[in-house]
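Per-entry structural report
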Amino acid sequence: MSLGSMITQARKSAGLSIEDLSASTNIRSSLLREMESDSFHNCGGETYARGHIRNIAIKLGVDPQIFITAFEEEQMRVDRSIKDLLVENSVMRCLLY
């Protein structure tokens, strides 16, 4: 089962709509829909995605580590340089030469 499916199942088991979850996590409903479809590229980078996933898990009464582990197994790219990670998370700007 994918992370998006896990989130959907947990949300439905909790009796919440996407709008309910959006209101309680302050995550846009459009972004929640994308996440439930296994699309995490609009989360603002891997660090922000993990934060969103952690908040969602807490609101749904799920151990956050379960969702984080699924995210890392499905989405994380381990072959990236520290510079790429810093640029992605807006710690530094990419300088083009």
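Structure shown above.
Residues numbered from 1 in each chain as written. Predicted model: local features only at pLDDT ≥ 70, side-chain atom pairs only at ≥ 80, totals over all residues. Heavy atoms only, no water.

**Some words on unusual backbone geometry**
At Asn26, a position not held by glycine, the phi torsion is positive, near 60 degrees. One can find Asn26 in the loop between helix H2 (18–25) and helix H3 (29–36). Given the relative accessible area of 72%, Asn26 is considered exposed. Even without being a glycine, Asp38 presents a positive backbone phi close to 65 degrees. Residue classification places Asp38 among the partly exposed positions, given a relative accessible area of 28%. (Helix = DSSP H or I, 4+ residues; strand = E, 2+ residues; numbered from the N terminus. Buried < 20%, exposed > 50% of the residue type's maximum accessible area, 1.4 Å probe, protein only.)

**Comments concerning the packing of H3 against helix H4 (residues 46–60)**
Direction vectors running N to C along H3 and H4 enclose 90 degrees, while the axes themselves pass 12 Å from each other. Relative to H4, the element H3 is oriented roughly perpendicular. Contacts between H3 and H4 involve Leu31, Leu32 and Met35 from the first element and His52, Ile53 and Ile56 from the second. Of the residues in the contact of H3 with H4, the class split is five nonpolar, one polar and no charged. (Axes fitted to C-alpha atoms, helices over the stretch in contact; angles between N-to-C directions. Parallel < 35°, antiparallel > 145°, perpendicular 65-115°, else oblique. Contact = heavy atoms within 4.5 Å. Nonpolar A, V, L, I, M, F, W, Y, C, P; charged D, E, K, R; others polar.)

**Examining the nonpolar core**
Taken as a class, soluble globular proteins show a tendency for nonpolar side chains to be buried jointly. Of all hydrophobic cores here, the largest spans 21 residues; its most connected members are Leu3, Met35, Phe40, Ile53, Ile56 and Phe67. For this core, the elements supplying multiple residues, two or more each, are helix H1 (3–13), H2, H3, H4 and helix H5 (64–75). With five residues, H4 is the largest single contributor of residues to this core. Contacts of Met35, omitting those with residues within four sequence positions, involve Gly4, Phe40, Cys43, His52, Ile53 and Ile56. (Core = buried A, V, L, I, M, F, W, Y, C linked by side-chain atoms within 4.5 Å.)

**Concerning H3**
Within the sequence span of H3, burial applies to Leu31, Leu32, Met35 and Glu36. Here the buried residues of H3 occupy an arc of 140 degrees about the axis, which is enough to place them on one side. Buried residues along H3 sit against H1, H2 and H4. The positive-phi residue at the C-terminal boundary of H3 is Asp38, with phi of around 65 degrees. (Arc of directions from axis to C-beta.)

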